[in-house]
Amino acid sequence: MAHRFRRTGILLTALVLTAAPALTPAAQAAPATRSDAVITWNLHAQTAIYETARQSPTAGLRSFAMVQGAVYDAVNAIAGSPYEPYLVAPRSRPRDSVPAAVAAAAHRVLVSLFPAQATTLAAQYDAALAAVPDGSAERGGVAVGEAAAAAMIESRRDDGAFSDATWPVGDQPGQWRPTPPGFIQAGAWYADLKPFVLRDPKAYRVPAPPALSSATWARELNEVQSLGSAASTTRTADQTEAAIWWDDPRMVEWEIKRNLAKDHRLSALQTARLFAMVEIATADALISCYSEKKRWAFWRPVTAIPLAGTDGNPATTADESWTPLRTTAPSAEYPSGHSCFTASIMTVLRAFFGRDRVAFHAYSADSGTTRHYTSFAAATAELAEARIWAGVHYRFATVHGIDIGRAVARDVLRTEFGPRHD
């Protein structure tokens, strides 16, 4: 059934992963079609979205979700639609070229997003089609990819992206205000973006931040004041590396999913499905997360620590010269967007592979290092700590950000990307 007719109510509290069946060893070892085209166009998308357009990780997530959703629908259709399509299952034939379909779907979505890059994108597209033998298979693949892209572009028309929405600004203790170095507003529009799957992204709530008079507030402010300072003497060298590694704007999560696809020798369909699951679930997780950021509009450590003398708590101490290890994003504090983002991704990966203990790695240019993990849970746990070590979030912001990311990902996978039942 078409995507728009398959929406069901979202269960907010259930915790059992029921969505994506685990890959069997045979499926991992003997892919039917190579995933090169899917990975190549994901890299082209990264170049267009971040390297050239310089979209923020939050804004870029919408763009990635559009590209990967269209690519998935195209590849899934040529495979005979073994999985529920996200939007459409264009008419196709088994002999239609998958690389041509991937190129056509990704290219058309990217041009719609970044018309100023049309020349570069056309060169990439022409090169991709030059590697495909001329004939009906190529023409069929292009038609399938174009149809999938057209459905995606239409579905995101007037979705609220890049509106002039702003964060609530206050001047009282606990209230958010623009942060250094730019003292700008950015990303508030994401809180009201049309979701990709969820019926009501605002239904995912987190508890109120701790009262400024509480012991919890004092403990968590003091923690980030000590560990997250640019001049910290309590943060270890490995913690510093992790803080920088996770904070790289070339999100390490982008490389993690590509490495997993290559390391597990996923087919084109498996890779397209995995990438769409990751990007679409995480886009909706960030919408819910940003809705909560706007609702609470809580101050960031870079604001709270210099003004700690105004919070009325005798267990906190102001430090007007305090600066964080990493630059604070120009958005409200609570909950942590990066925690929502990473928890959603790791939840999807766990569902896709059917287990938590999967080894993976990625490189960060900012830290100049590669970090290795043995499980998705371990990576999520370190990310939560890394946001404190970076000096950009309190512990309660990371904990509840993870809660939203996991809950949204699970609910998205309950209704999307599962095996098709005719």
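Fair warning: this is a prediction, and the values are worked out from it, not measured in the lab.

**A word on the overall build of the protein chain**
Here is step 1 of the chain: Scanning the protein chain from N- to C-terminus turns up 14 helices and 2 strands.
Here is step 2 of the chain: Here the protein chain has a C-alpha radius of gyration of 22 Å; the compact-globule value for 422 residues is 22 Å, and the two agree.
Here is step 3 of the chain: Here the C-alpha coordinates of the protein chain stretch approximately 75 × 45 × 40 Å along the principal axes.
Here is step 4 of the chain: Considering the protein chain as a whole, with its 422 residues, one finds that 59% of them fall into the buried category.
Here is step 5 of the chain: Considering only contacts within the protein chain whose residues lie at least 6 apart along the sequence, 81% involve residues at least 24 apart.

**Remarks on the environment of glutamate 292**
Here is step 1 of the chain: Within the secondary structure, glutamate 292 is located in helix H10 (residues 268-296).
Here is step 2 of the chain: The class of glutamate 292 is buried, set by a relative accessible area of 0%.
Here is step 3 of the chain: In contact with glutamate 292, not counting residues within four places along its chain, are Tyr204, Arg205, Val206, Tyr334, Pro335 and Ile404.

**A closer look at the pairing of strand S2 (residues 369-373)**
Here is step 1 of the chain: Along S2, the buried face is formed by Thr369, Arg371 and Tyr373; none of Thr370 and His372, which line the opposite face, is buried.
Here is step 2 of the chain: Direction of pairing for strand S1 (residues 360-364) relative to S2: antiparallel, over a ladder of 5 bridges. Counted as the bridge partner of phenylalanine 360 is tyrosine 373 from S2.
Here is step 3 of the chain: Hairpin remark: S1 followed by S2, antiparallel, with 4 residues in the connecting loop; positive phi at glycine 368, about 70°.

**Concerning helix H9 (residues 252-263)**
Here is step 1 of the chain: The first and last C-alpha atoms of H9 sit 16 Å apart over 12 residues, in line with the 16 Å expected at 1.5 Å per residue.
Here is step 2 of the chain: Among the 12 residues that make up H9, 9 are buried, leaving the element largely enclosed by the rest of the structure.
Here is step 3 of the chain: The complete set of buried residues in H9 reads Val252, Glu253, Trp254, Ile256, Lys257, Arg258, Asn259, Leu260 and Ala261.
Here is step 4 of the chain: Looking at the residues trailing H9, positive phi occurs at arginine 265, about 50°.

**What about the packing of aromatic side chains?**
Here is step 1 of the chain: According to the stated counting rule, one finds 22 aromatic pairs in the structure shown.
Here is step 2 of the chain: An angle of 65° between the planes, with centres 5.1 Å apart, marks the rings of tryptophan 217 and tyrosine 394 as edge-to-face. Of the two residues, tryptophan 217 sits in helix H7 (residues 215-227) while tyrosine 394 sits in the loop between helix H13 (376-389) and helix H14 (395-415), which places them 177 residues apart along the sequence.
Here is step 3 of the chain: When the ring of tryptophan 245 is compared with that of tyrosine 373, the centres are 5.7 Å apart and the planes differ by 50°; the resulting orientation is tilted. Here the residue tryptophan 245 occupies a position in helix H8 (residues 237-247), and tyrosine 373 occupies one in strand S2, the gap between them amounting to 128 residues.
Here is step 4 of the chain: The class for tyrosine 373 is buried, based on a relative accessible area of 7%.
Here is step 5 of the chain: Three or more aromatic residues link up through ring pairs in this structure, and these residues are Trp245, Trp246, Phe352, Phe353, Phe360, Tyr373 and Phe376.
Here is step 6 of the chain: Taking NZ or CZ as reference, lysine 257 lies 5.3 Å from the ring centre of phenylalanine 275, over its face.

**Focus on the pattern of salt bridges**
Here is step 1 of the chain: Overall, the coordinates contain 21 salt bridges when judged by the stated rule.
Here is step 2 of the chain: The salt bridge involving arginine 93 is made with aspartate 96; its shortest N-O contact spans 2.8 Å.
Here is step 3 of the chain: With relative accessibility at 28%, the residue arginine 93 sits in the partly exposed group.
Here is step 4 of the chain: Glutamate 292 is the partner of arginine 205 in a salt bridge, and the nearest nitrogen-oxygen pair spans 2.5 Å. Of the two residues, arginine 205 is situated in the loop between helix H6 (136-155) and H7 and glutamate 292 in helix H10; the sequence distance between them amounts to 87 residues.
Here is step 5 of the chain: Classification of arginine 205 as partly exposed rests on a relative accessible area of 45%.

**What to know about the environment of aspartate 164**
Here is step 1 of the chain: Of note, aspartate 164 is situated in the loop between H6 and H7.
Here is step 2 of the chain: With relative accessibility at 73%, the residue aspartate 164 sits in the exposed group.
Here is step 3 of the chain: A sequence separation of 224 residues divides aspartate 164 from isoleucine 388, and the C-alpha atoms of the two residues are 30 Å apart.

**Notes on the environment of tyrosine 373**
Here is step 1 of the chain: The sequence separation of tyrosine 373 and methionine 251 amounts to 122 residues, and the corresponding C-alpha distance is 16 Å.
Here is step 2 of the chain: In this structure, tyrosine 373 is in contact with Trp245, Trp246, Val358, Ala359, Phe360, Ala379 and Glu382, ignoring residues within four places of it in sequence.
Here is step 3 of the chain: Side chain to side chain, tyrosine 373 and arginine 371 meet in a polar contact 3.3 Å long.

**Observations regarding the confidence of the model for the protein chain**
Here is step 1 of the chain: Of all residues in the protein chain, 92% have pLDDT values of 70 or greater, and the mean over the chain is 93.
Here is step 2 of the chain: Taken as a whole, residues 1-32 scores under 50 in pLDDT and shows 67 contacts with residues more than four places along the chain or in a different chain.

Scoring rules and cut-offs
Residues numbered from 1 in each chain as written. Predicted model: local features only at pLDDT ≥ 70, side-chain atom pairs only at ≥ 80, totals over all residues. Heavy atoms only, no water. Helix = DSSP H or I, 4+ residues; strand = E, 2+ residues; numbered from the N terminus. Rg over C-alpha atoms; globule rule 2.2 N^0.38 Å. Buried < 20%, exposed > 50% of the residue type's maximum accessible area, 1.4 Å probe, protein only. Contact = heavy atoms within 4.5 Å. Pairing = 2+ DSSP bridges. Expected span 1.5 Å × (residues − 1). Phe/Tyr/Trp six-rings, centres within 6.5 Å; stacked < 30°, edge-to-face > 60°. Lys NZ or Arg CZ within 6 Å of the ring centre and 35° of its normal. Salt bridge = Lys/Arg side-chain N within 4 Å of Asp/Glu carboxyl O. Polar contact = N/O pair within 3.5 Å; in protein donor to acceptor, adjacent residues only side chain to side chain. pLDDT = per-residue confidence, 0-100.

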